[in-house]
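As a plain string of letters, each chain reads:
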Amino acid sequence: MPEIRALRLDGVFELTPRKFDDDRGFFSETYNAAFLAANGIKTTFVQDNHSYSADVGTLRGLHYQLPPRAQVKLVRVVRGRVFDVVVDLREQSPTFAKWLGIELSAATGNQILVPVGFAHGFLTLEPDTEVLYKVGDFYSPDHERAVRFDDPEIAIDWPADVGRLRISTKDQRAPLLANAAVFVGAA
Ligand SMILES: Cc1cn([C@H]2C[C@H](O)[C@@H](COP(=O)(O)OP(=O)(O)O[C@H]3O[C@@H](C)C(=O)[C@@H](O)[C@H]3O)O2)c(=O)[nH]c1=O
């Protein structure tokens, strides 16, 4: 069974699947629906995503999709290392606009479960980093939104030792939280 740890924002978990090492390499179950359900995490994943970032300091985010196409995400790194960030965008949450960051690496195989209602992003800490993640709804350009990675209201403490940041134009132009659509009503 994986290790599972609730992180400090409600609904966010770190999972560390077991790795079975042998002389060939290793084997690991990276997703088990029954294990998540047994821990109160109800998910249906419909799409798997894979991104490759060539450079250290590549920042993707902060992204989310609005209802009715909101996405739960289960994120892991299969090559390299990232600083992964989630931001609570549930308007009625006591931790609205709060963030947390966690290092995900291929070496540890740890994962983050990002619930509906959160923006998500990451910064690569190594070159040639590959991130795989499952999502709970299909990509919908009409519902996709972004909020600025450097919004002072959120004040994410991104690792500073990565040199020059590499960010898409779309992400550089994302609105501040004050001007962004958030998740209203119950999650
Ligand atoms: C996210 C996504 C993008 N695309 C396309 C649109 C675009 O032409 C190209 C690159 O898209 P983006 O620049 O949005 O890719 P990227 O910046 O890697 O977006 C991802 O960032 C991380 C942080 C997340 O949490 C993801 O949900 C997703 O938003 O891929 C799809 O076809 N399906 C998808 O699910």
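To be clear, the structure that these remarks concern was listed above.
Fair warning: this is a prediction, and the values are worked out from it, not measured in the lab.

Student: In this structure, what is going on with the nonpolar core? I would like to understand it.
Tutor: Nonpolar side chains tend toward joint burial in soluble globular proteins. The biggest cluster of nonpolar side chains holds 25 residues, and the ones touching the most others in it are Val 87 and Trp 158. Breaking this core down by element, the ones donating at least two residues are strand E6 (58–65), strand E8 (81–88) and strand E11 (118–124). Beyond its immediate chain neighbours, meaning those up to four positions away, Val 87 contacts Leu 62, Ala 97, Lys 98, Trp 99, Gly 117, Phe 118, Ala 119, Ile 154 and Ile 156. With 15 residues, the next largest nonpolar core counts Leu 9, Val 12, Leu 100 and Phe 122 among its residues.

Student: Is there a simple way to think about the packing of aromatic side chains in this case?
Tutor: The geometry of an aromatic ring pair comes down to the distance between the two centres and the angle between the two planes. Under the criterion given, the structure shown has three aromatic pairs. Look at Tyr 64 and Phe 183: their rings are 5.7 Å apart centre to centre, the planes differ by 50 degrees, and that puts the pair in the tilted class. Note that Tyr 64 is positioned in strand E6 and Phe 183 in the segment after helix H2 (169–172), a separation of 119 residues in sequence. Of the two residues examined, Tyr 64 and Phe 183, each falls in the buried class. Stacked on the ring of Phe 26, the Lys or Arg Lys 19 has its end atom at 4.4 Å from the ring centre.

Student: Just to check I follow, could you spell out the pattern of salt bridges for this structure?
Tutor: A side chain of one charge can pair with a side chain of the opposite charge if their charged atoms are brought near each other. Within this structure, the stated rule accounts for eleven salt bridges. Among the ionic pairs, Arg 5 bridges to Glu 14, the shortest N-O distance being 2.6 Å. Relative accessible area serves as the criterion here: at 46%, Arg 5 is assigned to the partly exposed category. Among the residues examined, Glu 14 registers a relative accessible area of 12% and is labelled buried. In this structure, Asp 150 and Arg 148 form a salt bridge, with 2.6 Å as the shortest nitrogen-oxygen distance. A relative accessible area of 38% means that Asp 150 is categorised as partly exposed. Taken together, the shared-partner salt bridges in this structure form one network comprising Arg 81, Glu 103 and Glu 126.

What counts, and at which threshold
Residues numbered from 1 in each chain as written. Predicted model: local features only at pLDDT ≥ 70, side-chain atom pairs only at ≥ 80, totals over all residues. Heavy atoms only, no water. Core = buried A, V, L, I, M, F, W, Y, C linked by side-chain atoms within 4.5 Å. Buried < 20%, exposed > 50% of the residue type's maximum accessible area, 1.4 Å probe, protein only. Helix = DSSP H or I, 4+ residues; strand = E, 2+ residues; numbered from the N terminus. Contact = heavy atoms within 4.5 Å. Phe/Tyr/Trp six-rings, centres within 6.5 Å; stacked < 30°, edge-to-face > 60°. Lys NZ or Arg CZ within 6 Å of the ring centre and 35° of its normal. Salt bridge = Lys/Arg side-chain N within 4 Å of Asp/Glu carboxyl O.

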